[in-house]
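So the chains spell out like this:
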Amino acid sequence: MLDRLKDKSFWEATAIRAIKTVCQTAIATIGTAFVLSDVNWGVVASASVLAGILSVLTSIVVGLPEVDSYESSEEE
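To start, this report covers the structure provided alongside it. (Residues numbered from 1 in each chain as written. Predicted model: local features only at pLDDT ≥ 70, side-chain atom pairs only at ≥ 80, totals over all residues. Heavy atoms only, no water.)

## Considering the overall build of the chain
From N to C terminus, the chain includes 3 helices and 0 strands. Taking all 76 residues of the chain together, the buried fraction comes to 25%. Sequence-distant contacts, at least 24 apart, represent 69% of the contacts inside the chain between residues at least 6 apart. As presented, the chain carries roughly 5,400 Å² of accessible surface, and 67% of it is formed by carbon and sulfur atoms. (Helix = DSSP H or I, 4+ residues; strand = E, 2+ residues; numbered from the N terminus. Buried < 20%, exposed > 50% of the residue type's maximum accessible area, 1.4 Å probe, protein only. Contact = heavy atoms within 4.5 Å. Areas by Shrake-Rupley, 256 points an atom, 1.4 Å probe, with all protein chains shown as cover.)

Below, the structure written as structure tokens:
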């Protein structure tokens, strides 16, 4: 597990996944408001940041299939 933390491709894939997660969470949270003026931007920001942090932590603990499959094909 710790070896992946030294891998540049792991961090690139983790960043891409976290950014996508933040954007998806923001869109979903904004979508819950009836009108744009009803959007609680503090909730949107906090939910999106929390989702991004959880995405990074999940990637560290569980790994990323796109990076893990690339590494296992290199070992063969």
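From this point, the discussion proceeds with the structure in view.
## Re the packing of aromatic side chains
Aromatic ring pairs: the centre-centre distance and the angle between the two ring planes describe each pair. Going through the model one piece at a time under the given rule, you end up with 1 aromatic pair. With a centroid separation of 5.2 Å and an interplanar angle of 75°, the aromatic rings of F10 and W11 are classed as edge-to-face. On the basis of relative accessibility, which here comes to 0%, the residue F10 falls in the buried class. Here W11 falls in the partly exposed class, since its relative accessible area comes to 37%. (Phe/Tyr/Trp six-rings, centres within 6.5 Å; stacked < 30°, edge-to-face > 60°.)

## Remarks on the packing of helix α1 (residues 8-30) against helix α2 (residues 41-62)
Relative orientation and spacing of two packed helices are given, respectively, by the angle between their axes and the distance between those axes. The geometry of α1 relative to α2 is characterised by a closest axis approach of 8 Å and an angle of 150° between their N-to-C directions. Relative to α2, α1 is oriented roughly antiparallel. Classified by chirality, the crossing of α2 by α1 is right-handed. Two secondary-structure elements touch here, α1 through F10, W11, T14, R17, A18, T21, V22, T25, A26, T29 and I30 and α2 through W41, V43, V44, A47, S48, A51, G52, S55, V56, S59 and I60. (Axes fitted to C-alpha atoms, helices over the stretch in contact; angles between N-to-C directions. Parallel < 35°, antiparallel > 145°, perpendicular 65-115°, else oblique. Left-handed = near helix turned anticlockwise from the far one by under 90°.)

## Topic: the pattern of salt bridges
Oppositely charged side chains may form a pair once their charged atoms are brought near each other. One pass over the structure, following the stated rule, counts 2 salt bridges. A salt bridge links K8 to E12, with the nearest nitrogen and oxygen atoms 3.8 Å apart. Within this pair, K8 and its partner E12 are both found in helix α1, separated by 4 residues, close to a single helical turn. Here E12 falls in the partly exposed class, since its relative accessible area comes to 42%. As a salt-bridge pair, R17 and E66 come within 3.0 Å of each other at their nearest N and O atoms. Here the residue R17 occupies a position in helix α1, and E66 occupies one in helix α3 (residues 65-75), the gap between them amounting to 49 residues. By relative accessible area, E66 is classed as partly exposed at 39%. (Salt bridge = Lys/Arg side-chain N within 4 Å of Asp/Glu carboxyl O.)

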